[in-house]
Amino acid sequence: MRNSFVVTGAHVVPVTAAPFDGGAVVVEDGRITAVGPDVTPPPDLPVVDAAGAWLVPGFVESHGHVGIHEEANGWAGNDTNEMTDPNQAAVRAIDAVDIDDEGFRDALSGGITSIVVKPGSGNPIGGQTVAIKTWGGRTIDEQLISDAVSVKSALGENPKRVYGEKGRTPSTRLGVAKVIREAFVAAQDHRAARDAAAAKGEPFTRDLTKETLVRVLDGELAWDQHVHRHDDLATALRLADEFGYRLVVNHGTEAHKLADLLAERDVPVIYGPLFTSRSKVELRDRGIPNVVALAAAGVRVAITTDAPVVPIAMLVDQATAAVKEGLPWQTAIEALTTNPADFLGFGDRVGRIAPGFDADLVLWDGDPLAATSRATRVWIEGASVYEWVDGTGVTTPRW
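Residues numbered from 1 in each chain as written. Predicted model: local features only at pLDDT ≥ 70, side-chain atom pairs only at ≥ 80, totals over all residues. Heavy atoms only, no water.

In the nomenclature of an unreviewed UniProt entry, the protein chain corresponds to Amidohydrolase from the organism Curtobacterium subtropicum.

If you want it as structure tokens, here you go:
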């Protein structure tokens, strides 16, 4: 069988079960088939002796622009925002990702095996996101986890600046909310007309923009809301209540100020990036302790680099910094694994070391949340894709 092996002798962190030493993690055909301290390895599979290293699930970057905002390629590699109309629900990140962007190699060195690539925040409605593995295919389609993840939206400074400079709506927070509200009302009308035509057996004209927003209304796609300030967050909650969609807060710089409301509604927050300056008004209250306060209030949290805003390999370093500020270790590891996968609808495949899950595994030479630890080996779906050898990170060739 391809992509089949056994890891023995590791300190295993399944995330959703208690850590254990020894035993085995069995991988067959790229999936985990057995895990536990008492598992006896099948005799016919190759054995990887971890020699006491830590084995953890591959990390999930839940808000990145790797591949559509390519590093070192300038204008030619920046396809983050289609800023020609404020409602770009029909555009898809999958159509613009360069899987050979250097950021994907960096992701492997940081133990990141999955990423949700999102359009940027220049539009009130920015487009559809895509969840992919960070390595292993010749095309993005061969690395696909799901192309039915979410739609990116933005409130606050970014869209009002972009269109204000063009002398167009939206040039204010009023206008940004108006664009989103009108788009969803149009989608509701489209759905009703579509259903009426179907009931009568009549033809109906398709509309990619409205169809996408109908998928949000129907709960198929999450609403990934870029929001920093507390007043914009209140608008995000108001719009979600009005239209009933599944809200996921992205950034959440001042989300701690409304933590009780978020916890009450079970609205998760993808917090960060943590390692940035206070470069604009919305970021005046940026601080690592804010994510600690959110978690303490019962809000489910993930952590993001917003790569390439912060180098993607530093995802784990941000979690380490949060632990230093008081975030519980278990919460931090969940923020890198189970939580982001669960928030965005693919938690049945990645984020845990458990039978039936993809064998996206990382060996670390110590506690991954210790600042000096290094990822020494990475597997994606059981295929070895990265290894630290003689002081150099070696990535398995793609082609």
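Having put the structure on the table, let's press on.
Examining the overall build of the protein chain
Within the protein chain, the secondary structure is distributed over 10 helices and 21 strands. Compactness check: the protein chain gives a C-alpha radius of gyration of 21 Å against a globular reference of 21 Å for 399 residues, within 12% of the reference. Projected onto its principal axes, the C-alpha coordinates of the protein chain cover approximately 65 × 55 × 45 Å. Counting across all 399 residues of the protein chain, residues that qualify as buried make up 55%. Taking the contacts inside the protein chain whose residues are at least 6 apart along the sequence as the reference set, 68% of them involve residues at least 24 apart. Total accessible area computed for the protein chain in this model is approximately 15,700 Å², and 49% of it derives from carbon and sulfur atoms. Of the side-chain charges in the protein chain, 37 are positive and 55 negative, and the distance between the mean point of each set is 7 Å. (Helix = DSSP H or I, 4+ residues; strand = E, 2+ residues; numbered from the N terminus. Rg over C-alpha atoms; globule rule 2.2 N^0.38 Å. Buried < 20%, exposed > 50% of the residue type's maximum accessible area, 1.4 Å probe, protein only. Contact = heavy atoms within 4.5 Å. Areas by Shrake-Rupley, 256 points an atom, 1.4 Å probe, with all protein chains shown as cover. Lys, Arg positive; Asp, Glu negative; His and termini not counted. Charge placed at Lys NZ, Arg CZ, Asp CG, Glu CD.)

What about the environment of valine 66?
By the secondary structure assignment, valine 66 is in the loop between β8 (59-64) and α1 (102-109). Assessed through its relative accessible area of 3%, valine 66 is described here as buried. Placed 13 residues apart in sequence, valine 66 and alanine 53 show a C-alpha to C-alpha distance of 29 Å. Those residues in contact with valine 66 that sit more than four places away from it in its chain are Val97, Asp101, Gly103, Phe104, Ile115, Val117, Ala307 and Ile312.

Re the UniProt feature "domain: Amidohydrolase-related" (unreviewed entry) in the protein chain
UniProt annotation of "domain: Amidohydrolase-related" (unreviewed entry) refers to residues 237-373 when read in the numbering used here. Span residues 237-373 is 34% helix and 11% strand, its end C-alpha atoms 39 Å apart. (UniProt positions renumbered as here; feature names shortened; annotations may be inferred.)

Observations regarding the nonpolar core
When a protein is soluble and globular, its nonpolar side chains tend to lie buried together. Formed by 81 residues in total, the largest nonpolar core has its most connected members in Trp223 and Leu262. A per-element tally of this core places helix α5 (residues 230-243) first, with 6 residues. Setting aside residues up to four positions removed in sequence, leucine 262 forms contacts with Leu233, Leu237, Val249, Ala255, Val267, Val269, Leu294 and Val299. Of all hydrophobic cores here, the second largest spans 19 residues; its members include Val27, Val48, Ala53 and Ala354. (Core = buried A, V, L, I, M, F, W, Y, C linked by side-chain atoms within 4.5 Å.)

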